[in-house]
Amino acid sequence: MSSLGGLIVLAVLTAVSLAAMGYLMIAMVTHNQLFVERMKFMEKIGERCKGYLKIESIVKFQDNRTIEAVIKNVGAGQIPVKKFDEIDLIVIYRNSNGSIRAEWLPYDPSGDLEKGWSALNITYNGVEELENPATSDMSSGFWDNEESLAIRAWISSDQDIADEFMLIMVTPNGVRTI
Amino acid sequence: MPIGSLMTEFTLAVAATVIAATLAGVYFTSLNQVADLQKLQVLGLKEQLYYRCDIIYAHSSEGSMTIKLWVKNTGFKDIPRELIEKSEIIILSRDKVYYLLYGNSGNSWSYRLLNDSDGDSRWDPSETIEVEVHLGKTLTSGDYYLKFILFNGVKSEYSLSV
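Rules behind the numbers
Residues numbered from 1 in each chain as written. Chains lettered and ligands numbered in written order. Predicted model: local features only at pLDDT ≥ 70, side-chain atom pairs only at ≥ 80, totals over all residues. Buried ≥ 20, exposed ≤ 12 C-beta atoms within 10 Å, placed from the backbone. Helix = DSSP H or I, 4+ residues; strand = E, 2+ residues; numbered from the N terminus. Pairing = 2+ DSSP bridges. Domains from an automatic or database assignment. Contact = placed C-beta atoms within 7 Å. Axes fitted to C-alpha atoms, helices over the stretch in contact; angles between N-to-C directions.

### Some remarks on the pairing of strand S9 (residues 148-154) of chain A
Residues and elements named next belong to chain A. Of all seven residues making up S9, five are buried, and the element is well covered by its neighbours. Where strand S2 (residues 66-74) meets S9, seven bridges bridge the pair, whose relative direction is antiparallel. Looking across to S9, one finds that Val-70 is bridged to Ala-150. The pairing of strand S6 (residues 116-124) with S9 spans seven bridges and is classified as antiparallel. In the sheet register, Ser-118 faces S9, and the bridge partner there is Arg-152.

### Remarks on the domain arrangement of chain B
Residues and elements named next belong to chain B. When cut into domains, chain B gives domain 1 (1-50) and domain 2 (53-161). Each of domain 1 and domain 2 has a C-alpha centre, and these two points are 51 Å apart. Taken together, the contacts link four residues of domain 1 with five residues of domain 2.

### Observations regarding the environment of Arg122(B)
All names here are of chain B. You can see Arg-122 is positioned in the loop between strand S5 (108-113) and strand S6 (128-134). Considering only alpha carbons, one finds Arg-122 and Thr-22, 100 residues apart in sequence, at a separation of 53 Å. Each residue touching Arg-122, except ones within four places of it in the same chain, is listed here: Asp-78, Ile-79, Pro-80 and Arg-81.

### What to know about the sheet that holds strand S7 (residues 127-128) of chain A
Within the open sheet, the five strands sit side by side as S1-S2-S9-S6-S7 (chain A). Their pairing is antiparallel. Whereas interior strands pair on both sides, the edge strands pair on one side only; in this sheet they are strand S1 (52-60) and S7 of chain A.

### As for the sheet that holds strand S5 (residues 100-105) of chain A
Residues and elements named next belong to chain A. The strand order across the open sheet formed by three strands is S5-S4-S10, and the pairing between neighbours is antiparallel. The open sheet is flanked by S5 and strand S10 (165-170), the only strands paired with a single partner. Direction aside, the axes of adjacent strands within the sheet are offset by 15 degrees on average. Bridging between strand S4 (residues 88-94) and S5 involves six bridges; their strand directions are antiparallel. Each bridged residue has a counterpart across the sheet, and for Val-91 the counterpart in S5 is Glu-103.

Next up, the structure:
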């Protein structure tokens, strides 16, 4: 092959190699970005799945329609008091007719609704909380990890909790009582 | 240099160029396909993560023709009414399978938003819907396996005993 042909081939191969290397680098950067994005998603999923809520105590009042309970946040993350309306509270009970009922109760800090639940206080190991304390009117503050939330829940007046009962609470990010 | 030899060299150079270009083309196409696949995978992951739900609790009793489900939006995006209504419910029991679509007749399901604090009638993240499943016949005592399937195929499952 003459020097002309050799030069042409060499030039073409060099150009192709350079283009391939450049493309490879771009592809690697893109893959890296995709990988980072995927890791971020996995972190988000992880945040949603962590921790649980533990019912420390639960008591029924003599009116047979009011319950008070203390629920501990065990690693479920900070829950703003302002988001309490996104907490689900379901009470399951047996009424005087002997049938089992389940009711979802709305958050009702003023206690005006026929049925609902409200937050009474947040404590840490039985004493006043120091981390992000909630105001007495429950308008701000956080329910932090390891803190206990005292709640009062009531069902409608045409129903009664005659016998056994249980509570299910689910936080805004999907963490629930066990 | 004889003209014949020059032509041969020229032909060889052109052939080499064509082969190199073809190989490069195949290589680039493969790389493109890999990148596209990765992008598709992330898009799929995004959609599965953005739209998720969880059955918090289900309740019914023997002899009842309805089942109540409380389903929470545990995703990162709000779901408009039209897409909520595209969800499907499958109920499996020992002797029967129910496949239910949204509606108001028998063998269908309906819902209401429970804590729509912003009042936008959309199922926002952290909000819960109460789903009422209307069955064409009464429930007998036994175990039931419920599946709530969102429009994108993401499902939440729950075992219910009545």
